[in-house]
There are 2 protein chains.
Amino acid sequence: MTMTAQDTDALWMQRALELAGGVMNITSPNPRVGCVIVRDGRVLGEGATQRAGGPHAEVCALRDAAARGEDPAGSTFYVSLEPCSHHGRTPPCVDALIDARPARVVIAMLDPNPLVGGQGLARLRAAGIHVKVGVGLETALAQNVGFVARMVRKTPWLWLKLAGSLDGRSALHNGVSQWITGAAAREHGHRFRARACAVLTGVGTVLSDNPQLTPRGVDAQRIPYKIVLDTQLRTPPYARIFDEGEVWIVTASENAERTARLADRGARIVRLGEAHAGIDLKALTRWLGAQNLNEIHVEAGATLNGAFMREGVVDELVTYIAPMLLGDAAPMVRLPALDSLPASREFTFTGVEPVGEDLMLRARRPASWAPLLAAVQGERQS
Amino acid sequence: MTMTAQDTDALWMQRALELAGGVMNITSPNPRVGCVIVRDGRVLGEGATQRAGGPHAEVCALRDAAARGEDPAGSTFYVSLEPCSHHGRTPPCVDALIDARPARVVIAMLDPNPLVGGQGLARLRAAGIHVKVGVGLETALAQNVGFVARMVRKTPWLWLKLAGSLDGRSALHNGVSQWITGAAAREHGHRFRARACAVLTGVGTVLSDNPQLTPRGVDAQRIPYKIVLDTQLRTPPYARIFDEGEVWIVTASENAERTARLADRGARIVRLGEAHAGIDLKALTRWLGAQNLNEIHVEAGATLNGAFMREGVVDELVTYIAPMLLGDAAPMVRLPALDSLPASREFTFTGVEPVGEDLMLRARRPASWAPLLAAVQGERQS
């Protein structure tokens, strides 16, 4: 086997994507980006985007190169997102890149922001730097699917975290659910909480399980917002969700006393919908996008899961399956009976992973994914 | 990387197991066995067991070597089952092996027959041949799990073939089930029919779906027995199961007229149980073992699936899962509500495979597997 130039690019980009994978729980609402500077098969510097307001991946990699006493002139930069060309909280990365005089820049995906996408590319090319786009595209998009969703369609990427038996039951009829899936699956689920901008549940789950909704047992770095859908403001002020982190309560109630009691506990109370109609979930996702949230982790009961499904706002299913049959027991998702099967499938499986004694199955809505991919794929790869 | 002698043995045994994998649908009630004769890194001959009454793997491999003009003296035989030492329908393979004067024989698993297990081994050693046991053990057992089950516990290995949505629904409430899982999954399921000694269903499925129960779209070689559990003898004589192959109807009815009508169609009618009590499924599995059946493929409705589960006679679950949520719809398996979860898990996942747009999940009862493994593992591997 001989390594082609394409293989080499794929391997170095893989390292850049690994670096981005290391900051999944840090950068939001900014994207997770990794950068590796390579010359003659040797790493001169590498880095990943830090907390919002901190340096971007390219600048981190340049600083790393400087710390190693390396001059990046004539090198290749592997960067998992198109370098930014506009002044945000930090100066444009593309200027720093051009100053470094690399020979090539290899980019996984374009900036999905329709106002600036492609401009970084154009600036690099205008400076005489060879640019290649699309190496590691799907992995880069998967790492930043929420950021891209917010940029492209103004709503976050939303997944349901489900757990149940091989026949889709999440609890016995008497409520016993501890534990159908095992400890490893529960811990694994916290990785998804940790990367999300918000963990969302319904007041029913707060009342019955009194969960903390924090990511635990993972290097979480920050606590995602906790969002409770609570039409009637029934969330008890002594619930454990208030123990740490920031709580948002989305309601359709105007009850002043309950509002005041929950506001006293530090909760942000948001009214979205009329008391008689309940919370409009489509409006909710638009509102969440407007709050700069990229990824929403829904961990709720069967009724709220079903409501999200019926509204068509679920982009992904993250399902932990235990190798058991439970028969007559509570469902993972409550949906009304259908009279016919849908003509086309709404989801496709994208991965399976053994987690302890259980399996994690991921499935994604192609109708959600395709427009995001189109927005960041830029030119066709040669 | 250097190849150790153990790696080499594993690789050649893998070839023997591949050969055995090629005769999965042929050999029953005999085991599937492959044999490769190797000297100085070169194959001298190879073969696999043929139809019952035909030559065993070792003899096929020796004939292949002879046809190639090779003398197996001083070679290593890789064979996935201990060579037989008794006169059955064919002379003992161990005699043919000793006559061939190999230096070594590497065996995946011992003969599970408690009367002869280990005797082939002893004969080979007495002839001065070096013997190693246990290379490729679990794969060899998986290929012959039904044969080993019948030898060790006198009952066949029984699996349920299930298919449904991610939330465990096999059909809509109006009966629509075409199709939740896709065409690839249906075809894949025929591989399991083809390897089984019998395909078993309930009369409810015969009445509602009128299935053929034959393996189609696979190199089936023979039609497994079709077994219908039919307490009241309600199977229509014009059902499609009678189109080809042999039909056994297991009943608790003594209705002479219905018996005669079905016997006229060539069915074998078997009474197992009292009319008032129905068919005893534990007695059924013992009876199936006594009929020399190794593997039973159950493809039935939710009620019969549930009955097999409750009797504890299910050794394996072969489940095809489609990436969809159906909510309020018919279950894959009907089981009564539990008040508590079992203290230990009855099944463990053993594999996952993408099949078209669906996933196949296999789960096995460790309590079924462990005694079979113990029966064939022989000496510990060094």
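Residues numbered from 1 in each chain as written. Chains lettered and ligands numbered in written order. Predicted model: local features only at pLDDT ≥ 70, side-chain atom pairs only at ≥ 80, totals over all residues. Heavy atoms only, no water.

- An unreviewed UniProt entry lists chain A under the name Riboflavin biosynthesis protein RibD, from Verticiella sediminum.
- In its Function (unreviewed entry) section, UniProt records this for chain A: "Converts 2,5-diamino-6-(ribosylamino)-4(3h)-pyrimidinone 5'-phosphate into 5-amino-6-(ribosylamino)-2,4(1h,3h)-pyrimidinedione 5'-phosphate." (UniProt positions renumbered as here; feature names shortened; annotations may be inferred.)

Section: the UniProt feature "binding site: substrate" (unreviewed entry) in chain A
All names here are of chain A.
- Here the UniProt feature "binding site: substrate" (unreviewed entry) sits at S177, R193, L213, R216 and E299.
- Among the structural elements, L213 can be located in the loop between α8 (203-209) and β9 (225-229).
- Judged by its relative accessible area of 1%, L213 is buried. (Helix = DSSP H or I, 4+ residues; strand = E, 2+ residues; numbered from the N terminus. Buried < 20%, exposed > 50% of the residue type's maximum accessible area, 1.4 Å probe, protein only.)

Notes on the environment of A267 of chain B
All names here are of chain B.
- For A267, the location among the structural elements is in the loop between α9 (256-264) and β11 (268-271).
- Counting along the chain gives 22 residues from A267 to G245, while the straight-line C-alpha distance between them is 9.9 Å.
- The residues contacting A267, other than those within four sequence positions of it, are F242, V247, I249 and L262. (Contact = heavy atoms within 4.5 Å.)

Details of the relation of the copies chain B and chain A
- In the superposition of chain B on chain A (RMSD 0.0 Å, axial shift 0.1 Å), the rotation amounts to 180°. The superposition operator between the copies reduces to a two-fold rotation axis. Residue G168 of chain B, judged by its C-alpha, is the member of chain B lying nearest the rotation axis, at 2.3 Å. (Least-squares fit on C-alpha atoms with pLDDT ≥ 70 in both.)

Regarding the confidence of the model for chain A
- Of all residues in chain A, 98% attain a pLDDT of 70 or more, and the chain-wide mean is 93.
- Among the prediction metrics, the complex's ipTM stands at 0.91, with pTM recorded as 0.93. (pLDDT = per-residue confidence, 0-100.)

Some thoughts on the side chain of Q143 of chain B
- In this structure, Q143 of chain B sits in helix α5 (residues 137-143).
- Contact partners of Q143 of chain B, with chain neighbours within four places excluded, come to L17, A20, G21, M24, R32, R195 and E295 of chain B.

Looking at the packing of helix α6 (residues 145-153) of chain B against helix α12 (residues 366-376) of chain B
Residues and elements named next belong to chain B.
- The contact between α6 and α12 brings their axes to 10 Å, and the two run at 85°. Judged by the inter-axis angle, α6 sits roughly perpendicular to α12. The segment α6 lies against α12, with V145, V148, A149, V152 and R153 engaging S368, W369, P371, L372, A375 and V376.
- Of the residues assigned to the contact of α6 with α12, the class counts are nine nonpolar, one polar and one charged. (Axes fitted to C-alpha atoms, helices over the stretch in contact; angles between N-to-C directions. Parallel < 35°, antiparallel > 145°, perpendicular 65-115°, else oblique. Nonpolar A, V, L, I, M, F, W, Y, C, P; charged D, E, K, R; others polar.)

As for the UniProt feature "domain: CMP/dCMP-type deaminase" (unreviewed entry) in chain A
- Mapped onto this numbering, the UniProt entry annotates "domain: CMP/dCMP-type deaminase" (unreviewed entry) at residues 7-132 of chain A.
- End-to-end, the C-alpha atoms of residues 7-132 of chain A are 14 Å apart, and along that stretch the chain is 33% helix and 22% strand.

Regarding the packing of aromatic side chains
- In the structure shown here, the tally under the stated rule is eight aromatic pairs over all chains.
- Over the aromatic face of W369 of chain A sits the side chain of R364 of chain A, whose NZ or CZ is 3.5 Å from the ring centroid.
- Taking the ring centre of W248 of chain B as reference, the NZ or CZ of R268 of chain B above it sits at 4.6 Å. (Phe/Tyr/Trp six-rings, centres within 6.5 Å; stacked < 30°, edge-to-face > 60°. Lys NZ or Arg CZ within 6 Å of the ring centre and 35° of its normal.)

Focus on the interface of chain B and chain A
- Counting from both sides, the interface comprises 46 residues of chain B and, opposite them, 46 residues of chain A.
- The contact between chain B and chain A buries some 3,800 Å² in all, and 69% of this surface belongs to carbon and sulfur atoms.
- At the junction of chain B and chain A, the tally comes to four salt bridges.
- Residue D358 of chain B is joined to R345 of chain A by a salt bridge in which the shortest nitrogen-to-oxygen separation is 2.9 Å.
- Linking chain B with chain A are six residue pairs in polar contact (both at pLDDT 80 or more).
- Of all the secondary-structure elements, those providing two or more residues to the side of chain B that touches chain A are β13 (316-322), β15 (348-355) and β16 (358-364) of chain B.
- Here the residues of the side of chain B that touches chain A are counted per class, giving 28 nonpolar, eleven polar and seven charged. (Buried area = accessible area lost by both parts, 1.4 Å probe. Salt bridge = Lys/Arg side-chain N within 4 Å of Asp/Glu carboxyl O. Polar contact = N/O pair within 3.5 Å; in protein donor to acceptor, adjacent residues only side chain to side chain.)

Remarks on the side chain of H188 of chain B
Residues and elements named next belong to chain B.
- Position of H188 among the secondary structure elements: in helix α7 (residues 183-195).
- Separated by 3.2 Å, the side chains of H188 and E353 make a polar contact.
- Beyond its immediate stretch of four places on either side in the chain, H188 contacts Y320, E353, V355 and M360.

Notes on the sheet that holds strand β8 (residues 198-202) of chain A
Residue and element names in this part refer to chain A.
- The strand order β11-β10-β9-β8-β12-β6-β13-β16-β15 describes an open sheet built from nine strands, whose pairing is mixed. Strands at the two margins of the open sheet, each flanked by one partner only, are β11 (268-271) and β15 (348-355). Averaged over all pairs of adjacent strands, the angle between strand axes in this sheet comes to 20°, irrespective of strand direction.
- Along the sheet face, helix α10 (residues 281-290) touches β6 (157-165), β8, β9, β10 (247-251), β11 and β12 (295-298) and points at about 160° away from the line of β9. (Pairing = 2+ DSSP bridges.)

Focus: the pattern of salt bridges
- Overall, the coordinates contain 38 salt bridges over all chains when judged by the stated rule.
- Here K132 of chain A ties to D9 of chain A by a salt bridge, and the two come within 2.9 Å at their closest N and O atoms. Here the residue K132 of chain A occupies a position in strand β5 (residues 130-133), and D9 of chain A occupies one in helix α1 (residues 5-21), the gap between them amounting to 123 residues.
- Exposure remark for D9 of chain A: the relative accessible area of 2% places this residue in the buried category.
- With a closest N to O distance of 3.7 Å, E357 of chain A and R345 of chain B form a salt bridge. Within this pair, whereas E357 of chain A is found in the loop between β15 and β16 (358-364), its partner R345 of chain B is found in the loop between β14 (330-331) and β15, the two belonging to separate chains.
- Overall, R345 of chain B belongs to the partly exposed group, its relative accessible area being 23%.

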